[in-house]
Amino acid sequence: MGRHGARLRWVVALVSVTIAVLATVDRYVDREREWARGGDQVAVTVEAVLPEPDQVADAVVAFGWPKPADNVVGDPDRRSVVLRLRWSGPPRKGHYQVILLDGRVEPARVVQPYAGWDADGDTGSNWAGAYDVLAERYAWLADTATREDPEGTFTTPPHVGAVGTRATADGSLIAVFRLLPGALPLTDPSRLVVAFCYVDPDGDVRWAKRVPVPPTP
(Lines give C-alpha, C1' and ligand atoms only; values in the text may rest on other atoms or scores of the structure.)
Protein backbone atom coordinates (compact mmCIF):
# COMPACT_ATOMS: atom_id res chain seq x y z
CA MET A 1 0.00 0.00 0.00
CA GLY A 2 2.86 2.33 0.81
CA ARG A 3 4.57 1.77 -2.52
CA HIS A 4 1.27 2.09 -4.34
CA GLY A 5 0.49 5.32 -2.54
CA ALA A 6 3.95 6.73 -3.30
CA ARG A 7 3.62 5.74 -6.95
CA LEU A 8 0.19 7.37 -7.13
CA ARG A 9 1.50 10.58 -5.61
CA TRP A 10 4.35 10.56 -8.12
CA VAL A 11 1.90 10.12 -11.01
CA VAL A 12 -0.33 12.91 -9.70
CA ALA A 13 2.68 15.21 -9.33
CA LEU A 14 3.86 14.37 -12.84
CA VAL A 15 0.41 15.06 -14.28
CA SER A 16 0.21 18.36 -12.39
CA VAL A 17 3.60 19.47 -13.70
CA THR A 18 2.66 18.44 -17.24
CA ILE A 19 -0.60 20.40 -17.05
CA ALA A 20 1.27 23.44 -15.72
CA VAL A 21 3.86 23.22 -18.49
CA LEU A 22 1.19 22.88 -21.18
CA ALA A 23 -0.71 25.82 -19.73
CA THR A 24 2.47 27.91 -19.81
CA VAL A 25 3.11 26.92 -23.42
CA ASP A 26 -0.47 27.79 -24.35
CA ARG A 27 -0.14 31.22 -22.72
CA TYR A 28 3.12 31.81 -24.55
CA VAL A 29 1.59 30.84 -27.89
CA ASP A 30 -1.47 32.99 -27.26
CA ARG A 31 0.73 35.94 -26.29
CA GLU A 32 2.90 35.57 -29.38
CA ARG A 33 -0.23 35.45 -31.51
CA GLU A 34 -1.50 38.59 -29.79
CA TRP A 35 1.74 40.45 -30.46
CA ALA A 36 1.51 39.52 -34.13
CA ARG A 37 -2.23 39.75 -34.81
CA GLY A 38 -3.82 41.49 -31.83
CA GLY A 39 -4.69 44.60 -33.79
CA ASP A 40 -6.55 42.73 -36.53
CA GLN A 41 -9.88 43.14 -34.71
CA VAL A 42 -9.63 46.92 -34.78
CA ALA A 43 -10.23 48.85 -38.01
CA VAL A 44 -8.30 52.12 -38.02
CA THR A 45 -8.39 54.93 -40.57
CA VAL A 46 -6.18 58.00 -40.69
CA GLU A 47 -6.53 61.43 -42.29
CA ALA A 48 -3.57 63.80 -42.37
CA VAL A 49 -2.81 67.39 -43.30
CA LEU A 50 0.41 69.39 -43.25
CA PRO A 51 -0.70 72.94 -42.37
CA GLU A 52 1.48 76.02 -42.42
CA PRO A 53 2.47 77.26 -38.95
CA ASP A 54 -0.28 79.90 -38.87
CA GLN A 55 -2.92 77.39 -40.00
CA VAL A 56 -2.47 74.63 -37.41
CA ALA A 57 -5.37 75.84 -35.24
CA ASP A 58 -7.64 76.01 -38.28
CA ALA A 59 -6.61 72.50 -39.29
CA VAL A 60 -7.51 70.94 -35.93
CA VAL A 61 -10.83 72.80 -35.86
CA ALA A 62 -11.61 71.49 -39.35
CA PHE A 63 -11.04 67.97 -38.00
CA GLY A 64 -13.43 68.58 -35.09
CA TRP A 65 -11.34 70.18 -32.33
CA PRO A 66 -13.70 72.55 -30.46
CA LYS A 67 -13.24 76.26 -30.87
CA PRO A 68 -11.35 78.16 -29.74
CA ALA A 69 -8.18 76.19 -30.36
CA ASP A 70 -5.97 79.00 -29.13
CA ASN A 71 -3.63 76.62 -27.31
CA VAL A 72 -2.76 74.77 -30.55
CA VAL A 73 -0.13 76.77 -32.34
CA GLY A 74 2.35 76.13 -35.11
CA ASP A 75 6.12 76.36 -34.97
CA PRO A 76 7.77 78.32 -37.80
CA ASP A 77 10.89 76.14 -37.52
CA ARG A 78 9.16 72.76 -37.48
CA ARG A 79 6.63 71.14 -39.78
CA SER A 80 3.38 70.25 -38.00
CA VAL A 81 1.36 67.15 -38.85
CA VAL A 82 -2.33 67.04 -37.93
CA LEU A 83 -4.02 63.63 -37.84
CA ARG A 84 -7.58 62.49 -37.33
CA LEU A 85 -7.92 58.81 -36.47
CA ARG A 86 -11.13 56.83 -36.38
CA TRP A 87 -11.40 53.24 -35.19
CA SER A 88 -13.94 50.55 -34.50
CA GLY A 89 -13.59 47.19 -32.79
CA PRO A 90 -14.46 45.27 -29.64
CA PRO A 91 -14.72 47.30 -26.40
CA ARG A 92 -11.65 47.13 -24.21
CA LYS A 93 -10.51 48.50 -20.90
CA GLY A 94 -7.28 50.46 -21.04
CA HIS A 95 -5.95 52.89 -23.61
CA TYR A 96 -4.80 53.24 -27.17
CA GLN A 97 -1.54 55.06 -27.74
CA VAL A 98 -0.80 56.70 -31.09
CA ILE A 99 2.80 57.08 -32.25
CA LEU A 100 3.71 58.81 -35.52
CA LEU A 101 6.82 57.77 -37.43
CA ASP A 102 8.73 59.35 -40.28
CA GLY A 103 9.29 56.50 -42.70
CA ARG A 104 11.72 58.41 -44.90
CA VAL A 105 14.64 57.36 -42.69
CA GLU A 106 15.77 53.95 -41.48
CA PRO A 107 14.83 53.06 -38.85
CA ALA A 108 11.69 55.15 -38.98
CA ARG A 109 12.03 58.20 -36.70
CA VAL A 110 9.42 59.01 -34.09
CA VAL A 111 7.72 62.35 -34.74
CA GLN A 112 7.37 64.29 -31.51
CA PRO A 113 3.78 64.57 -30.20
CA TYR A 114 2.45 68.01 -29.39
CA ALA A 115 -1.28 67.84 -28.57
CA GLY A 116 -4.34 65.61 -28.72
CA TRP A 117 -8.11 65.79 -28.39
CA ASP A 118 -10.76 63.09 -28.08
CA ALA A 119 -14.36 62.84 -26.85
CA ASP A 120 -13.21 63.46 -23.26
CA GLY A 121 -11.22 66.57 -24.12
CA ASP A 122 -7.53 67.44 -24.17
CA THR A 123 -5.39 64.28 -23.98
CA GLY A 124 -1.88 65.70 -24.14
CA SER A 125 1.07 63.39 -24.80
CA ASN A 126 2.82 60.77 -22.70
CA TRP A 127 5.36 57.97 -22.49
CA ALA A 128 5.98 55.18 -19.97
CA GLY A 129 8.85 52.81 -19.34
CA ALA A 130 6.56 49.87 -20.08
CA TYR A 131 6.42 51.02 -23.70
CA ASP A 132 10.08 50.08 -24.19
CA VAL A 133 8.82 46.62 -25.13
CA LEU A 134 7.61 48.05 -28.45
CA ALA A 135 11.16 48.30 -29.77
CA GLU A 136 11.84 44.75 -28.61
CA ARG A 137 8.78 43.31 -30.34
CA TYR A 138 8.62 45.35 -33.55
CA ALA A 139 11.63 46.24 -35.68
CA TRP A 140 9.73 49.14 -37.28
CA LEU A 141 9.46 50.76 -33.81
CA ALA A 142 13.19 50.59 -33.09
CA ASP A 143 13.40 54.36 -32.55
CA THR A 144 11.26 54.07 -29.40
CA ALA A 145 14.04 52.20 -27.59
CA THR A 146 15.92 53.74 -24.69
CA ARG A 147 19.47 54.96 -25.29
CA GLU A 148 22.51 54.74 -23.08
CA ASP A 149 24.04 58.14 -22.31
CA PRO A 150 27.76 58.75 -21.59
CA GLU A 151 27.11 58.27 -17.87
CA GLY A 152 25.75 54.79 -18.50
CA THR A 153 22.13 55.69 -17.79
CA PHE A 154 19.41 54.49 -20.13
CA THR A 155 16.92 57.21 -21.06
CA THR A 156 14.16 57.77 -23.58
CA PRO A 157 14.97 60.42 -26.21
CA PRO A 158 12.95 63.63 -25.72
CA HIS A 159 11.28 63.33 -29.12
CA VAL A 160 9.75 59.93 -28.31
CA GLY A 161 6.15 60.04 -27.15
CA ALA A 162 2.56 59.15 -27.91
CA VAL A 163 -0.90 60.67 -27.83
CA GLY A 164 -3.27 58.54 -25.76
CA THR A 165 -7.01 57.95 -25.72
CA ARG A 166 -9.43 55.54 -24.06
CA ALA A 167 -9.83 52.17 -25.77
CA THR A 168 -13.48 52.68 -26.69
CA ALA A 169 -15.20 50.35 -29.15
CA ASP A 170 -15.74 53.20 -31.60
CA GLY A 171 -13.80 56.40 -31.28
CA SER A 172 -11.83 59.20 -32.83
CA LEU A 173 -8.77 61.21 -31.94
CA ILE A 174 -7.23 64.40 -33.28
CA ALA A 175 -3.48 64.53 -32.75
CA VAL A 176 -0.80 67.08 -33.59
CA PHE A 177 2.86 66.17 -34.06
CA ARG A 178 5.96 68.16 -34.99
CA LEU A 179 8.93 67.01 -37.01
CA LEU A 180 12.28 67.45 -35.36
CA PRO A 181 14.36 70.54 -36.17
CA GLY A 182 16.48 69.88 -39.23
CA ALA A 183 14.21 67.13 -40.57
CA LEU A 184 13.92 66.82 -44.33
CA PRO A 185 11.09 68.94 -45.80
CA LEU A 186 7.86 66.97 -45.82
CA THR A 187 5.20 67.53 -48.48
CA ASP A 188 3.63 64.07 -48.69
CA PRO A 189 2.06 62.64 -45.50
CA SER A 190 2.00 59.16 -47.04
CA ARG A 191 5.70 58.95 -46.13
CA LEU A 192 4.55 58.75 -42.52
CA VAL A 193 3.17 55.76 -40.63
CA VAL A 194 1.07 55.45 -37.48
CA ALA A 195 1.63 52.90 -34.71
CA PHE A 196 -1.74 52.26 -33.06
CA CYS A 197 -0.98 50.50 -29.78
CA TYR A 198 -3.17 48.91 -27.14
CA VAL A 199 -2.19 49.24 -23.47
CA ASP A 200 -4.19 47.22 -20.93
CA PRO A 201 -5.46 48.57 -17.57
CA ASP A 202 -2.26 47.36 -15.86
CA GLY A 203 -0.19 49.55 -18.17
CA ASP A 204 1.21 46.66 -20.21
CA VAL A 205 1.44 46.94 -23.98
CA ARG A 206 -0.49 44.13 -25.65
CA TRP A 207 0.09 44.86 -29.35
CA ALA A 208 0.84 47.52 -31.96
CA LYS A 209 -0.85 47.88 -35.32
CA ARG A 210 0.88 49.54 -38.27
CA VAL A 211 -1.47 51.97 -40.02
CA PRO A 212 -0.43 53.73 -43.26
CA VAL A 213 -1.05 57.45 -43.63
CA PRO A 214 -2.75 58.35 -46.92
CA PRO A 215 -1.67 61.30 -49.06
CA THR A 216 -3.49 64.59 -48.66
CA PRO A 217 -6.61 64.60 -50.89
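Structure report, in brief. Note that the structure is a prediction, hence the values are computed from the model and not measured.

## A few points about the pairing of strand β11 (residues 205–212)
Consecutive residues of a regular strand have side chains that alternate between opposite faces of the sheet.
Then comes step 1: Direction of pairing for strand β10 (residues 192–199) relative to β11: antiparallel, over a ladder of seven bridges. Note on β11: the bridge partner recorded for F196 is K209.
Then comes step 2: Between β10 and β11, which pair antiparallel in sequence order, lie five residues; one of them, G203, sits at a positive phi of approximately 85°.

## Some words on the nonpolar core
Then comes step 1: Ranked by internal contacts, the top residues of the largest apolar core, which has 46 residues, are L83, L85, L100, L101, L134, V194 and F196.
Then comes step 2: Elements with a contribution of two residues or more to this core: β1 (43–49), β2 (80–88), β3 (95–102), β4 (109–118), α3 (133–137), β9 (170–178), β10 and β11.
Then comes step 3: At eight residues, β10 tops the list of elements feeding residues into this core.
Then comes step 4: What V194 contacts, discounting residues up to four positions off in sequence, is V46, L83, L85, V98, I99, L100, W140, K209, R210, V211 and V213.

## Some details on the pattern of salt bridges
Then comes step 1: Following the criterion strictly, the structure yields 12 salt bridges and no others.
Then comes step 2: Put simply, R86 and E47 hold a salt bridge, and the shortest N to O gap is 2.9 Å. Highlighted residues: R86 in strand β2 and E47 in strand β1, separated in sequence by 39 residues.
Then comes step 3: Given the relative accessible area of 40%, R86 is considered partly exposed.
Then comes step 4: Residue R166 is joined to D120 by a salt bridge in which the shortest nitrogen-to-oxygen separation is 2.6 Å.

Each value, and the rule that gives it
- Residues numbered from 1 in each chain as written.
- Predicted model: local features only at pLDDT ≥ 70, side-chain atom pairs only at ≥ 80, totals over all residues.
- Heavy atoms only, no water.
- Pairing = 2+ DSSP bridges.
- Helix = DSSP H or I, 4+ residues; strand = E, 2+ residues; numbered from the N terminus.
- Core = buried A, V, L, I, M, F, W, Y, C linked by side-chain atoms within 4.5 Å.
- Buried < 20%, exposed > 50% of the residue type's maximum accessible area, 1.4 Å probe, protein only.
- Contact = heavy atoms within 4.5 Å.
- Salt bridge = Lys/Arg side-chain N within 4 Å of Asp/Glu carboxyl O.

Functional significance is not addressed by these values, which are geometric in nature.
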